[in-house]
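Chain by chain, the residues run as shown.
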Amino acid sequence: MTSDTMSPRPRIVLDCDPGLDDAIAILTAAHFGELVGITTVNGNVGIEHTTHNALATAQIAGLDVPVHRGAARPLIAPTMDAARIHGATGLGDVTLPGLTRSVDSEDAVAFLCDTARSVDDLHLVAVGPLTNVALALRHDPDLRSRLGGLTIMGGGAHAGNVTPVAEFNVWADPEAAAIVFREAAPITMVGLDVTHKVLLGGDEAARMRSAGTPAADFAAGLLDYAYDRCREYGLDAAPVHDATAIIAVTHPHLFRSSSHPVAVELHGEHTRGMTVTDVRPAAAIAAAPAPPAHDVVWDADAQAVIDLIVEAVVNS
Ligand code: BDR
Ligand code: CA
């Protein structure tokens, strides 16, 4: 599969918490989509770092894209990070250049709401905790109807990573995720069921590095770092969750999904942050009030997705 078969370039706002795979997602979105803006959120590391990293990534790739800083903490939950995976500053051990620009605003929520009004068929792709998106829905309850699509990297019907059943982005701000899943249907949920199948490693880092551009070197360094962390956990390749979510928007024909009610668990002693996905037959579900249905992504042509992510990086 090549870029010849891709959908027309979707207009994307990327809400993210860079983050190794978020940074690769920025490059992927800018290559295969029309990246209208980036909003940042607290998540993998604190908002100072995620915002700095978004600006640095755009700068390294020469992207002229607005960056708006968002929420510094979850709605209610205590702040928890993923620095163990992404490194203390969020981008592993790569050396970043000094920034030549700063954020376009400190109000990601206003940017999200305004852009949804002014840009037709906008795809909001959220690949961090859903704090900004929940706040934007509170600000404009009609936000979802103004969007062409809402895709998240988060959750999973049958898998967790932070706990046996909870994925980081949902677990890090479950109250925000509960608002989004309840009020913004349908969401395309690119969760761990599919992202754990799109695995990159040393070969892909070498293919990226062979391009010899600053952005490709940068992305290869991020992938090397992710790959090293994964090997500590006994895995021989690294999921690149957030870039996979971008390809699900730009190349949806490569993915298999189906519609199911999904609710975010908030109270379970062992299950807080779980995306409880009802895969029972529709007739059984109809017998009881069900939460809103969402498009749950299960599977992908993994090799095609991997090749597209590499293609995006190599051409960044
Ligand atoms: C998600 O959590 C973060 O650590 C990654 O950036 C990705 O968005 C995967 O669970
Ligand atoms: Ca992320």
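The structure this text deals with has already been given above.
The structure displayed is predicted, hence computed values, not measured ones.

Enquirer: Looking at this model, I keep getting lost on the overall build of the protein. Mind explaining?
Expert: Per the secondary structure count, the protein includes 14 helices and 11 strands. For 316 residues, the compact-globule formula gives about 20 Å, and the C-alpha radius of gyration of the protein, at 18 Å, lands near that figure. Summarising its shape, the C-alpha atoms of the protein cover approximately 60 × 40 × 40 Å along the three principal directions. Expressed as a percentage of the 316 residues in the protein, the buried residues total 56%. In the protein, 81% of the contacts between residues at least 6 apart in sequence involve partners at least 24 apart. Counting only carbon and sulfur atoms, one obtains 52% of the accessible surface of the protein, whose full area is about 12,300 Å². Distance between charge centres in the protein, computed from 19 positive and 39 negative side chains, equals 3 Å.

Enquirer: Is there a simple way to think about the coordination of the calcium ion (ligand 2) in this case?
Expert: Ideal values for angles at a metal depend on the geometry: 109.5 degrees with four tetrahedral donors, 90 or 180 degrees with six octahedral donors. Within the first shell, the calcium ion (ligand 2) binds the protein through Asp-17 (OD), Asp-22 (OD), Asp-22 (OD), Val-127 (O) and Asp-242 (OD), at distances of 2.3 to 2.6 Å. Mapping the donors of the calcium ion (ligand 2) onto the primary sequence gives the spacing D-x4-D-x104-V-x114-D. Of the two residues, Asp-22 sits in helix H1 (residues 20-32) while Val-127 sits in the loop between strand S4 (122-126) and helix H5 (131-139), which places them 105 residues apart along the sequence.

Enquirer: Would you take a moment to explain the nonpolar core for this structure?
Expert: Buried together is how nonpolar side chains tend to be arranged in soluble globular proteins. Counting residues in each nonpolar core, the largest one holds 62 residues, and the members touching the most others are Leu-14 and Phe-255. When residues in this core are grouped by element, the largest group, 10 residues, is from helix H11 (residues 214-232). If near-sequence neighbours (up to four positions away) are discounted, Leu-14 is found in contact with Ala-25, Ile-26, Leu-35, Gly-37, Ile-38, Thr-39, Val-125, Val-127 and Ile-246. Formed by 36 residues, the second largest nonpolar core is a distinct cluster that contains Leu-147, Ala-184, Ile-187 and Trp-298.

Enquirer: Can you walk me through the pairing of S4 in this structure?
Expert: Looking along a regular strand, one sees side chains alternate from face to face of the sheet. Burial analysis of S4 places 5 of its 5 residues in the buried class, which makes it a mostly covered element. Here S4 shows no split at all, with Leu-122, Leu-124 and Ala-126 on one side and His-123 and Val-125 on the other all buried. Bridge count between strand S1 (residues 11-16) and S4: 5 bridges; the pairing is parallel. Following the sheet pairing, Leu-14 is matched in S4 by Val-125.

Enquirer: Would you mind going over the pairing of strand S5 (residues 149-153) with me for this structure?
Expert: Within S5, 5 of the 5 residues are buried, which leaves it mostly tucked inside the rest of the structure. Of the two faces of S5, the one lined by Gly-149, Thr-151 and Met-153 and the one lined by Leu-150 and Ile-152 are each fully buried. Two strands pair when backbone bridges link them, and S4 and S5 are joined in this way by 4 bridges, in the parallel orientation. Paired with Leu-124 across the strands is Leu-150, a residue of S5. Relative to strand S6 (residues 188-190), S5 runs parallel, the two being bridged by 3 bridges. Bridged to Ile-152 within S6 is Met-189.

Enquirer: Quick question: what am I supposed to make of a nonpolar patch on the surface here?
Expert: Residues Leu-75, Ile-76 and Leu-135 make up a contiguous nonpolar surface patch of about 260 Å² in total accessible area. By secondary structure assignment, the location of Leu-135 is in helix H5.

Enquirer: Could you clarify how one ought to interpret the packing of helix H12 (residues 241-250) against helix H14 (residues 302-314) in this entry?
Expert: The geometry of a pair of packed helices is captured by two quantities: the angle between their axes and the separation between those axes. In the contact formed by H12 and H14, the axes pass within 10 Å of each other and the chain directions differ by 100°. In terms of axis orientation, H12 runs roughly perpendicular to H14. Contacts between H12 and H14 involve Ala-243, Thr-244 and Ile-247 from the former and Val-305, Leu-308 and Ile-309 from the latter. Looking at the contact of H12 with H14 residue by residue, the class counts come to 5 nonpolar, 1 polar and no charged.

Enquirer: Before we go on, may I ask you to explain the side chain of Thr-51 in this structure?
Expert: By the secondary structure assignment, Thr-51 is in helix H2 (residues 47-60). Within the local environment of Thr-51, its side chain forms a polar contact with the backbone oxygen of Ile-47, the two atoms lying 2.7 Å apart. Apart from the residues within four sequence positions on either side, Thr-51 is in contact with Thr-40, Arg-69 and Val-103.

Enquirer: Can you help me understand H5 in this one?
Expert: Residue pairs three or four apart in sequence face the same way in an α-helix, which turns once every 3.6 residues. Those residues of H5 that fall on the buried side of the exposure criterion are Thr-131, Asn-132, Val-133, Ala-134, Ala-136 and Leu-137. Buried residues along H5 sit against S1, strand S2 (34-40), helix H4 (108-118), S4, helix H6 (143-146) and helix H8 (174-183).

Rules behind the numbers
- Residues numbered from 1 in each chain as written.
- Chains lettered and ligands numbered in written order.
- Predicted model: local features only at pLDDT ≥ 70, side-chain atom pairs only at ≥ 80, totals over all residues.
- Heavy atoms only, no water.
- Helix = DSSP H or I, 4+ residues; strand = E, 2+ residues; numbered from the N terminus.
- Rg over C-alpha atoms; globule rule 2.2 N^0.38 Å.
- Buried < 20%, exposed > 50% of the residue type's maximum accessible area, 1.4 Å probe, protein only.
- Contact = heavy atoms within 4.5 Å.
- Areas by Shrake-Rupley, 256 points an atom, 1.4 Å probe, with all protein chains shown as cover.
- Lys, Arg positive; Asp, Glu negative; His and termini not counted.
- Charge placed at Lys NZ, Arg CZ, Asp CG, Glu CD.
- Donors = N, O, S within 2.8 Å, 3.2 Å for Na, K, Ca; no water.
- Core = buried A, V, L, I, M, F, W, Y, C linked by side-chain atoms within 4.5 Å.
- Pairing = 2+ DSSP bridges.
- Patch = residues over 30% accessible without salt bridge, like charges linked within 9 Å, V, L, I, M, F, W, Y side chains within 5 Å.
- Salt bridge = Lys/Arg side-chain N within 4 Å of Asp/Glu carboxyl O.
- Axes fitted to C-alpha atoms, helices over the stretch in contact; angles between N-to-C directions.
- Parallel < 35°, antiparallel > 145°, perpendicular 65-115°, else oblique.
- Nonpolar A, V, L, I, M, F, W, Y, C, P; charged D, E, K, R; others polar.
- Polar contact = N/O pair within 3.5 Å; in protein donor to acceptor, adjacent residues only side chain to side chain.

These values are about where atoms sit, not about what they do.
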